[in-house]
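Listed below are the residues making up each chain.
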Amino acid sequence: MFAALQNGLIVSCQATGDEPLNRPEYLAALARCAEIGGAVAIRTEGLEKIRALKTAVKLPIIGLIKGTFTDGAVLITPDFSDLEEMIAAGADIIALDATDRQRPNGWHGFDFLRAVKQRYRIPILADIATHAEGVTAAELGAEAVATTMSGYTPATAGRQDEEPDYALIASLHRAVSVPVIAEGRIWEAQQAQRALAAGAFAVCVGSAITRPQLITHMISGPNQLSPRQSHEVIVVGGGVAGICAAASAARLGARTLLVERYGFLGGMSTAGMVTPFMKFWIETEDGRRQPLVGGLFEELTQRMAAIGGMIENGFSALAFKRVATEMLIEAGVELRLHALMLGAHVEDRTVRSVLLQHNGAPQPHSAAVFIDTSGDGELLLHAGAPWRKGDEQTGLLQAMTMFFRMGGIDLEAAVAHVAAHPEQFFAWSTKEYHHERIVAIAGYYDIIRQARQRGLLPEAVEYFFFTSLPAYGEAAFNTTNILGLDGSSSFDLTAAEIEGRRQVFNIANLLRARAPGFERSYLIETGVQVGVRETRRAVGDYAVTGEDVMGARKFPDRIARGCYGVDVHGQKGEKSRMEHLQPGQYYEIPLGAIIVQDWENLLVAGRCLSATRAGHAALRIQATSAAVGEAAGALAALARPHGGRVRQVAPALLQAHLSKAGNI
Ligand SMILES: Cc1cc2nc3c(=O)[nH]c(=O)nc-3n(C[C@H](O)[C@H](O)[C@H](O)COP(=O)(O)OP(=O)(O)OC[C@H]3O[C@@H](n4cnc5c(N)ncnc54)[C@H](O)[C@@H]3O)c2cc1C
């Protein structure tokens, strides 16, 4: 049966769900076209379609029936009864999953294949993902093996990229005597030729021939886009969440564009000058720090440390900008700085393109999946997707803060002052100076009280808080407090910038005049923009709550972890709230928090993720934003074979990737 297929093209005629061609007669017509065009066999799914295609063409029919594994992943030909029905329907060859996984019918993949070979005489095409699986399938008697599952099983999730798996084709060709069929991610004739050259016996192509909607979108997309303006993933916003989302998608092979309105990356981490990473580790019983976030965040911190840009969890914004830029360029992300996203084109709750202002008139850019990491839900807003803002009852938003950086501080003297006057400081303030350790000090109550009496500080400023930076004598101050304004309104932001800078100069002068260790200090700079803690957050498939956080809740569809508690910087008329988890406890963030409810291809991460206000107050910190961003990028890349429909990606596939990264 297979001999006639050598060096030929097998065309996969399949359509699922509400795809317009999902009718037996339409697929039969496509199979006829393939036959006329020179196909040597047809692969199709479902009994009705096998029957229809069998009468439409004279070519051998490779039949399969799709089921699911318990984790939701696609399972090709689930049970014996499916084989029997396909044989009765006229299939000439049966395709079945021969990956190293347990089937829902209780059989392991290899045992099932062995039993099938004992019970039936029909030729079997074993769909495998790895070299070992191909070898085993051939040993168990499969007449041919196909690389169909490479990149689509938990064990191979990280391997999925744009290209067919040539390495697997070549290694199997050397190891097995049965035909190796190249299947998966073949879109061009050159790729098919390269697969044959690598040792494929025949090549199987599906979407590139039989899914006109994908072909149309690829070539043109909406608004007659040129290829340069068409990507697979577009990430809006280059803060820590967007950086990790874009790098993650690109490393999985997706053509990724990252759009950022400033001339540098980092968002709040750099423009906002938020330069300590809040806690992302738990202490083990033997006193070690066990990080909850690995992956791209870990790489970012290690690379910053390597260039002297970190002191424990404190970092230099300059180092952040440099390393983040390098990581994105290395990953192959197309970086578009100084570009503002200012509109979206939407059809049926699917984002088709975004409008980017970067070179004259705004131009549309299309993609299969879009990720909103703008911090302020800018894409949610422009697309008309659901979002919430502020407290559920009062509508209040957290206070804003203008960060600033000072130099020339005698840190040893500042720490000695804390040790001598602990009543003036938060209990956790640093009391012993070590050159290689971060200094974190909050308090100076008397200085503040007296300054308020003299009208030098508003009531809103309750304490001065700073953390030291890698450059000796420098520190970043998270101290100003700006109330009553909304960080998603340019009117309010203008007022916040003015008020923030006014407070900065007063605070720096007070410290220099009154605080030991600050005698020779000087103000270096403020943030490029005022720090905004919360504005719009998405309404997703799931909203993480404050109870989930404080109850250290775990989720089966986890995509990230965190241990930072609920931290609400109180607004006018609202008390601040800082709650910590018990030592050693952590919570998980579920997949539903990054998928926008009822939308097909719109994801969120970082400050935009789906949570209640209290949940958001914990998840917004940088390490968690990075981990959630990495998950969103991976999900977007994995959704490419599904036309960008993110819910069709098996959670286990995404989790296998994230677990390898050390994020779950
Ligand atoms: C005052 C303050 C103190 C904080 N303290 C800490 C702390 O000590 N430790 C900690 O870990 N976290 C802290 N956080 C939280 C943390 O800094 C942020 O929540 C986190 O950095 C958010 O990352 P993000 O990527 O989601 O968003 P952002 O960093 O806000 O990034 C969004 C990016 O999108 C870009 N953008 C927005 N709209 C558009 C558009 N239309 N077109 C193109 N680009 C656009 C922006 O320019 C920005 O670069 C603090 C936050 C604030 C404000």
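Everything quoted here is computed from the prediction, not taken from an experiment.

**Q** Would you explain the overall build of the protein in this entry?
**A** When helices and strands are counted, the protein shows 20 helices and 33 strands. Taking 2.2 N^0.38 as the reference for a compact globule, 664 residues should give roughly 26 Å; the C-alpha atoms of the protein span a radius of gyration of 29 Å, in line with that estimate. Principal-axis analysis of the C-alpha atoms places the extent of the protein at approximately 95 × 55 × 45 Å. Across the 664 residues of the protein, 60% fall into the buried class. Partitioning the contacts of the protein with sequence separation of at least 6, the portion at a separation of at least 24 is 68%. In the structure as shown, the protein presents an accessible area of about 26000 Å², 52% of it carried by carbon and sulfur atoms.

**Q** When you look at the site of the ligand in this model, what are you seeing that I'm missing?
**A** Taken together, 35 residues surround the ligand, and among them Glu260, Arg261, Met268, Arg607 and Arg620 come closest. Interatomic distance of 2.6 Å between a side-chain N/O atom of Glu260 and an oxygen atom of the ligand. Contact between the ligand and Met278: an oxygen atom at 3.0 Å from a main-chain N or O atom of the residue. In isolation the ligand exposes 1000 Å². Once the protein is present, 98% of that is buried. Going through the elements one at a time, helix H10 (240–251) and strand E18 (340–347) are the ones with two or more residues in the shell around the ligand.

**Q** Sorry, what's going on with helix H15 (residues 445–453) here?
**A** Each turn of an α-helix holds 3.6 residues, which means side chains three or four residues apart point in the same direction. For H15, every residue scored as buried is listed here: Ile447, Ile448 and Ala451. Along the long axis of H15, the arc covered by the buried residues comes to 95 degrees, so they all point the same way. Here the buried face of H15 lies against strand E24 (440–443), strand E25 (464–468) and helix H16 (490–514). Of the residues trailing H15, Gly455 is marked for its positive phi of about 75 degrees.

**Q** Which parts of the structure should I look at to understand the nonpolar core?
**A** When a protein is soluble and globular, its nonpolar side chains tend to lie buried together. Ranked by size, the top nonpolar core spans 83 residues in total, and within it Met304, Phe320, Ile589, Ile594, Leu603 and Leu635 carry the most contacts. Per-element accounting of this core gives the leading share, 11 residues, to helix H19 (residues 622–638). Residue-level mapping places this core at the junction of two domains, with at least three residues from each of domain 1 (2–219) and domain 2 (224–394 + 534–561 + 581–661). With residues near it in sequence (within four places) discarded, Leu603 still touches Val369, Phe370, Ile371, Asp372, Ile594, Ile595, Ala632, Leu635, Ala636 and Val646.

**Q** Teacher, can you tell me more about the domain arrangement of the protein here?
**A** Often, the extent of an interface is quoted as the loss of accessible area upon association of its parts. We note that the domain assignment places domain 1 (2–219), domain 2 (224–394 + 534–561 + 581–661) and domain 3 (404–526) within the protein. Summarising the inter-unit geometry, the C-alpha centres of domain 1 and domain 2 are found 35 Å apart. Each partner contributes to the interface: domain 1 provides 19 residues, whereas domain 2 provides 21 residues. Both faces combined, the contact of domain 1 with domain 2 buries some 1500 Å², and carbon together with sulfur accounts for 53% of it. The interface formed by domain 1 and domain 2 includes 1 salt bridge. Two residues, Arg645 and Asp18, come together in a salt bridge whose shortest N-O distance is 3.9 Å. Connecting domain 1 to domain 2 are 0 residue pairs in polar contact (both at pLDDT 80 or more).

**Q** Sorry, what's going on with the pattern of salt bridges here?
**A** If the charged atoms of two oppositely charged side chains come close together, the side chains can form a pair. Considering all chains together, one arrives at 41 salt bridges under this definition. Across the pair Glu25 and Arg23 runs a salt bridge, and its minimum N-O distance is 2.9 Å. Given a relative accessible area of 42%, Arg23 falls into the partly exposed group. We note a salt bridge from Asp446 to Arg449, for which the minimum N-O separation is 2.6 Å. Placement of both Asp446 and Arg449 in helix H15 is noted, with a separation of 3 residues, approximately one turn of the helix. Given the relative accessible area of 29%, Asp446 is considered partly exposed. Via salt bridges that share partners, Arg251, Glu299, Arg303, Arg322, Glu326 and Glu330 belong to a single interconnected network.

**Q** Just to check I follow, could you spell out the sheet that holds strand E23 (residues 404–407) for this structure?
**A** The strands making up a sheet are joined through hydrogen bonds of the backbone, oriented either antiparallel or parallel. What the 5 strands build is an open sheet, ordered E24-E25-E26-E23-E27; its pairing is antiparallel. One side of each edge strand has no neighbouring strand; the edge strands of this open sheet are E24 and strand E27 (522–526). Across this sheet, the average inter-strand angle for adjacent strands is 25 degrees, counted without regard to direction. Bridge analysis of E25 against strand E26 (residues 475–477) gives 3 bridges, and the strand direction is antiparallel. Residue pairing across strands places Thr467 opposite Ala476, the latter belonging to E26.

**Q** Is there a simple way to explain the sheet that holds strand E33 (residues 602–604) in this structure?
**A** The 5 strands are arranged E17-E12-E11-E21-E33 in an open sheet whose pairing can be described as parallel. Edge positions in the open sheet fall to strand E17 (334–336) and E33, since each of these has one partner strand only. The average angle at which neighbouring strand axes cross in this sheet is 20 degrees, direction not considered. When strand E21 (residues 369–372) meets E33, the two strands line up parallel, connected through 3 bridges. In the strand pairing of E33, Ile371 is matched with Leu603. Helix-sheet contacts for H10 involve strand E11 (233–236), strand E12 (256–259) and E21, and the interaxial angle to E12 is about 170 degrees.

Parameters and conventions
Counting from 1, residues in each chain are numbered in the order their sequence is written. It should be noted that, the model being predicted, local features are given only for residues of pLDDT at least 70 and side-chain atom pairs only at 80 or more, the latter also being counted only at that level, while totals for whole chains, interfaces and linings use all residues. The side-chain numbers reported here are obtained from all heavy atoms of the structure, hydrogens and water having been left aside. Working definition: helices are DSSP H or I runs of at least four residues, strands are E runs of at least two. Numbering for both runs from the N terminus. A radius of gyration in this sense is built from C-alpha atoms; the matching globule rule multiplies 2.2 Å by the number of residues raised to 0.38. For the exposure calls, accessible area comes from a 1.4 Å probe over protein chains only, and a residue counts as buried if that area is under 20% of its type's maximum, exposed if over 50%, partly exposed in between. Any two residues whose heavy atoms approach within 4.5 Å at even a single point are treated as in contact. Only the protein chains shown count as cover for residues, with accessible areas throughout obtained via the Shrake-Rupley method and a probe of 1.4 Å. Each residue is tested against the molecule or strand, and it is near if at least one of its non-hydrogen atoms lies within 4 Å. Nitrogen and oxygen atoms within 3.5 Å of one another constitute a polar contact, given that in protein one can donate a hydrogen and the other can accept it, and given that sequence-neighbouring residues count only through two side-chain atoms. The directions considered for the arc are those from the helix axis to the C-beta atoms. Put simply, buried Ala, Val, Leu, Ile, Met, Phe, Trp, Tyr and Cys residues joined by side-chain atoms within 4.5 Å make one nonpolar core. Start and end positions for the domains come from either an automated domain assignment or a database one. Buried area counts how much accessible surface, traced with a 1.4 Å probe, disappears from two parts once they are put together, with both parts' losses summed. Salt-bridge detection follows one rule: a side-chain nitrogen of Lys or Arg within 4 Å of a carboxyl oxygen of Asp or Glu. Paired strands are those between which DSSP finds at least two bridges. As a rule, the C-alpha atoms of each element are fitted with a line to give its axis, helices using only the stretch in contact, and angles between N-to-C directions run from 0 to 180 degrees.

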